[in-house]
Amino acid sequence: MNDKDFSKEKIDNVIDKLLYSYPAKVSKNRKEHMLVRDCSQDKQQIKANTRTVPGIITNRGCCYAGCKGVVLGPLRDMVHIVHGPIGCSYYAWGTRRHKGKPKEGEQNYLPYSFSTDMQEKDIVFGGEKKLKQAIKEAVEIFNPKNIAICSTCPVGLIGDDINSVAAEAEKEYGITIFATSCEGYKGVSQSGGHHIANNALMKHVIGSNNDFVAPKYSINILGEYNIGGDEWEISRILSKIGYNIIARMTGNGTTEELRNAHKADLNLVQCHRSINYIAEMIEKKYGTPWLKVNFIGIEATVRTLRDMAKFFDDPEILSRTEEVIKEELEDIREDVEYYRGQCAGKTAFLFVGGSRAHHYQGLYKEIGIETVLAGYEFAHRDDYEGRHVIPDIQIDADNRNIEDLDVQKDPQNYRIVIPPQRREKLEQEIPLNNYAGMINEMKDGSVVIDDLNHYETEELIRILKPDVFGSGIKDKYIAQKMGIFSKQMHSYDYGGPYAGFKGAVNFARDIAMGIHTPTWSYLVPPWKKEPSLEGEVSYIPESVEQ
C-alpha cells in the first residue's frame, strides 16, 4: 500500500505554505477557494465562479470556448460559423474529439471549420459584410438546414450586430440561423458560454416540432458530449434495456433531434455545469423532470440505471435493468480485478472541468486509486456544495452579463409527467431535480481547490507526489515535466470511451499502462541539468551598501 503521508496536519501545512507564498491580498482571495474535507462539519463553503487573480496562470478557457467548443460544436448537422480571427475557430475545432456518426442521408459538418477569418481591416471598418458573405457561401456550397454564428472577442469590441445579420439571413434563406454573442471575455470562464449556448438552443431549436410523438420510455441525454465515444457506449446500454433516446445534448446529436426534445418523459443530466440551465428551462416550460446521472464508473452506472428504472416504475424496465446489469458486470469482472491489482494503493489528483472531477473519483476508487485532491476549472458553488446553496449565491456583475431567460409554461405542450405525490416520494429516493455536489462524496482529509493555477499545481505535485494527475489539456504538461503520469481527461488524448461498463475497463487499462510505464521516471527537466539563468555578482561599494 501507499506509504505517503496524507494526515490532516500534513495537508493543513501544505495549504498554509501555498498561501504564505502569495502577497497578503492574493492569499486572502485564494484561501476562500480552498478547503480540506471535514465530514464532521455540517456545511463547508468554497468560493467559485469568480475572476481569476490577474497575473496568475490559470487553466480556464473562455466564454467562446464554452459556447462553441463545448455545447454547440458537437451538433453534427449544423454549420458553425465563427465570426472572428481564424485562430479562435481553429481552437474550437477538431481538438475536443466529440465524435459523431451521421445516419444515411444525414448532413454532417463536424469535419469542417467555418470562419470569417477577420483581419485588421475588418476590425477597423466592421465585419458584418464579411459575415453576410460567409453565410451566403455556406448556404450555396453546403445547403445546411441549420447555421449557428459564434462571435469572438474582437466582434464584441467593435459592435458588429450579428443578431440582426442572422435574422435577415434566416428570412432570406428560409432555414434556422441564430447568433450567439459569446465573446471570450464575457463572464469569468467558459461557464458563461455554456449558459449562452443553452439559451440559444432553448430560444431557437427546442420545442420547434410539435408534431413529433414520443414512444414509450423516452429520454434525453443532456450534458454528454461523446468524447472518445462515451455517448455511444451509454446509448448502447440504455437501448439494450429498452429506453428510447429522443435527443442528445449535444455529443453525437443533431439540431433536428433537439426540436423533439420537449416530448421526452425524462431528461438525464450528466455534466451538471454545462447543461443544468436547459434542464431547468425545459421542466419549467414543458414539465419534463430531470435526473442527475453519472455513467462514469461501474457503481455509478449501476446506481444510475436503477434510479432510472425506479423513475419509470415499470416491471418490464425494472426486470430488464437488472438483467443488463448482471450481464455487463459478468463481462468485465476479470478485467477489473486484474487492473485493480495493478493500481491498488496509488493516489491521484483530479483537476478537470464539467463534472469529471467528481465523476471520475468513483472510477479511480474502483481500481484501487485514492483521490487526494480534486477541483474544477469553472464550477459554481452548487457544483461543489450541492444545489441547495443556489439561493445563497450572490449575483455579481459577471453573472448579470449573461442573459437569464424567463420561460413560461407552454399552454399546448406542458404536461405533468408524474403525479405530485409520487414525485415527492421519488425526490427522497433518487436525485430527481437535484445534485448533491462533489464535496459531499469526498473522503475526509482530501483537498478541494477551485481554479487551481500553475504555481499551486507544481507545489502540490512536488509535496504530495500523486501517481497520476487527471487534468485538462494545458496543465498536463506541468505534471509530465515533473515525471508524473498525466491523464488528459477533457478529450482523453487518444483514448476512450471511458463511460459505462466497458468504458471503465478501457480507462483502467490506460491508467495502469500509464502508471507503470518507466517513461516518467526518466524525465529530467533541463533546468535540473543546467541553470536557466547565469550571472555574476559585481563589487558593491561600501557607500551603496549603507
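So, how was this worked out
Position numbers for residues start from 1 in each chain and track the written sequence from start to end. Totals for whole chains, interfaces and linings use all residues, but because this is a predicted model, local features are given only for residues with pLDDT of at least 70 and pairs of side-chain atoms are given and counted only at 80 or more. The side-chain values count all of the structure's non-hydrogen atoms but skip hydrogen atoms and water molecules. Put simply, DSSP marks the helices as runs of H or I at least four residues long and the strands as runs of E at least two long, and each gets a number from the N terminus on. Polar contact is the term for a pair of N or O atoms within 3.5 Å; when the atoms are in protein, one must be able to donate a hydrogen and the other to accept it, and sequence-neighboring residues count only if both atoms are side-chain atoms. Note on definitions: a residue-residue contact is assigned when non-hydrogen atoms from the two residues lie within 4.5 Å. In this description, a disulfide is simply a cysteine sulfur pair whose atoms lie within 2.5 Å. Exposure classes here rest on a 1.4 Å probe applied to the protein chains alone. A residue is buried below 20% of its type maximum, exposed above 50%, and partly exposed in between. DSSP calls a pair of strands paired once it identifies at least 2 bridges connecting them. Lines fitted to C-alpha atoms define the axes here, with helix axes fitted over just the stretch in contact, and angles between the N-to-C directions of these axes take values from 0 to 180 degrees. Any carboxyl oxygen of Asp or Glu that lies within 4 Å of a side-chain nitrogen of Lys or Arg is treated as forming a salt bridge with it.

### Topic: the side chain of Asn199
Thought 1: With respect to the secondary-structure elements, Asn199 resides in helix 9 (residues 191–204).
Thought 2: Here the side chain of Asn199 touches Glu403 through a polar contact of 2.7 Å, landing on its backbone oxygen.
Thought 3: Residues contacting Asn199, with those up to four places away along its chain left out, are Met281, Glu403 and Leu405.

### Regarding unusual backbone geometry
Thought 1: Residue Thr250 follows Met249 across a cis peptide bond; omega there is 0°.
Thought 2: Mapped onto the elements of the fold, Thr250 is located in strand 7 (residues 244–250).
Thought 3: A positive phi angle is found at Asn49, which is not glycine, with a value near 55°.
Thought 4: Assignment of secondary structure puts Asn49 in the loop between strand 1 (34–36) and helix 3 (63–72).
Thought 5: Notably, Tyr217 is not glycine yet its phi reads approximately 55°, a positive angle.
Thought 6: In this fold, Tyr217 is placed in the loop between helix 9 and strand 6 (218–224).

### A few points about the state of the cysteines
Thought 1: Taken as a whole, this structure holds zero disulfides when the rule is applied.
Thought 2: Take Cys88: it sits in no disulfide, and the sulfur closest to it among the cysteines is that of Cys153, at 6.6 Å.

### Describing the environment of Phe212
Thought 1: Assignment of secondary structure puts Phe212 in the loop between helix 9 and strand 6.
Thought 2: We classify Phe212 as partly exposed; its relative accessible area is 24%.
Thought 3: Residues Phe212 and Arg259 lie 47 residues apart in sequence; the distance between their C-alpha atoms is 8.9 Å.
Thought 4: Once you skip the residues sitting within four places of it in the chain, Phe212 turns out to touch Ile246, Asn260 and Lys263.

### Observations concerning the sheet that holds strand 8 (residues 266–269)
Through backbone hydrogen bonds, the strands of a sheet pair up, either in parallel or in antiparallel fashion.
Thought 1: An order of 7-6-8-9 is seen for the four strands of this open sheet, with the pairing classed as parallel. The open sheet has two edge strands with one neighbour each: strand 7 and strand 9 (290–292). Each adjacent strand pair in this sheet contributes to an overall mean axis angle of 25°, direction not counted.
Thought 2: The sheet contact formed by strand 6 and strand 7 spans six bridges and is parallel. Each residue of the ladder has a partner; that of Ile221, found in strand 7, is Arg248.

### Describing the environment of Phe142
Thought 1: When you line up the elements, Phe142 lands in helix 6 (residues 128–142).
Thought 2: Between the C-alpha atoms of Phe142 and Val79, which are 63 residues apart in sequence, the distance is 8.6 Å.
Thought 3: Once you skip the residues sitting within four places of it in the chain, Phe142 turns out to touch Gln107, Tyr109, Tyr112, Phe114 and Glu137.

### Here's the deal with the environment of Glu172
Thought 1: Its location among the elements puts Glu172 in helix 8 (residues 162–173).
Thought 2: Each C-alpha atom of the pair Glu172 and Lys136 lies 9.9 Å from the other, and the pair is 36 residues apart in sequence.

### So, the pattern of salt bridges
Thought 1: Enumeration over the complete set of coordinates arrives at 35 salt bridges.
Thought 2: Taking the shortest distance from any N to any O, the salt bridge between Arg30 and Glu456 comes out at 2.9 Å. On the criterion of sequence distance, the pair formed by Arg30 in helix 2 (residues 24–31) and Glu456 in helix 19 (residues 454–464) is long-range, its members being 426 residues apart. You'll find Arg30 and Glu456 in the same group, each marked buried.
Thought 3: With its nearest N and O atoms 3.5 Å apart, the salt bridge here joins Glu330 to Arg333. Highlighted residues: Glu330 and Arg333, both in helix 14 (residues 315–343), separated by three residues, approximately one helical turn.
Thought 4: Through salt bridges with shared partners, a single ionic network connects Glu233, Arg236, Lys240, Glu327 and Glu328.

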